[in-house]
Amino acid sequence: MTGSARAEFTVCNQTLDVVNLSVGQDVGGTFQTDGWWTVGANQCVDVIREELSNRYVYVYATDVFGHAILEGSTGMCVEKRRFTIRGVDDCWQRGHILARFLEVDTLEQIRWTFFLTGRDP
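None of the values given here were measured: they were computed from a predicted structure.

A. Representation of the state of the cysteines within the structure. Per the counting criterion, the structure on display carries two disulfides. Cys-12 shares a disulfide with Cys-44; S-S distance 2.0 Å. Because the sign of the S-S torsion sets the handedness, a value of about 105° for the bond joining Cys-12 and Cys-44 places this disulfide among the right-handed ones. Linking Cys-12 in strand S1 (residues 9-13) with Cys-44 in strand S4 (residues 43-48), this pair joins segments that are 32 residues apart in sequence. In the chain, numbering the disulfide-bonded cysteines from first to last in sequence yields the connectivity 1-2, 3-4.

Pasting the structure below:
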């Protein structure tokens, strides 16, 4: 197949604010978090570029001041600067920051778009 690659997990920011976005997923049997993507108001970003192999993807977003604007109940690790972190246990002990990610059920689809609409999912 030729042509441009399609995004497989896209987050669209439908708020009026710029947000910083982090994503977590199972990679090879270990949870991994990646961040940050800066997403302008009414813009979208492709955060996972291959077909989804996990039913659940985890999303965490902050405003430009670092305050959470989208969070859930799943604890995962983040950093203040760009990062890739393997594992979600003992964030503080490993020198990371514990954040509460929102679990997004992709219904086992291979492509999914998540719409960030404000403080409530």
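What follows picks up the thread again.
B. Focus on the layout of surface pockets. Quantified by volume, the largest pocket comes out at close to 180 Å³. Only strand S5 (56-62) and strand S9 (97-105) provide two or more residues apiece to the lining of the largest pocket. Sort the elements by how many residues they give to the lining of the largest pocket and S9 lands first, with three residues. For the lining of the largest pocket, a count of residues per class yields eight nonpolar, three polar and three charged.

C. Spotlight on the pattern of salt bridges. Following the criterion strictly, the structure yields two salt bridges and no others. The residue Arg-111 makes a salt bridge to Glu-8 at a minimum N-O spacing of 3.4 Å. Of the two residues, Arg-111 is situated in the loop between S9 and strand S10 (112-116) and Glu-8 in the segment before S1; the sequence distance between them amounts to 103 residues. Judged by relative accessible area, which is 34%, Arg-111 ranks as partly exposed.

Thresholds, definitions, all that
Residues numbered from 1 in each chain as written. Predicted model: local features only at pLDDT ≥ 70, side-chain atom pairs only at ≥ 80, totals over all residues. Heavy atoms only, no water. Disulfide = S-S within 2.5 Å. Helix = DSSP H or I, 4+ residues; strand = E, 2+ residues; numbered from the N terminus. 1 Å grid on protein atoms, 1.4 Å probe; cavity = no way out; pocket = protein on both sides within 12 Å on 5 of 7 lines; lining within 4 Å. Points joined across faces, edges and corners; volume = space filled by probe spheres on them. Nonpolar A, V, L, I, M, F, W, Y, C, P; charged D, E, K, R; others polar. Salt bridge = Lys/Arg side-chain N within 4 Å of Asp/Glu carboxyl O. Buried < 20%, exposed > 50% of the residue type's maximum accessible area, 1.4 Å probe, protein only.

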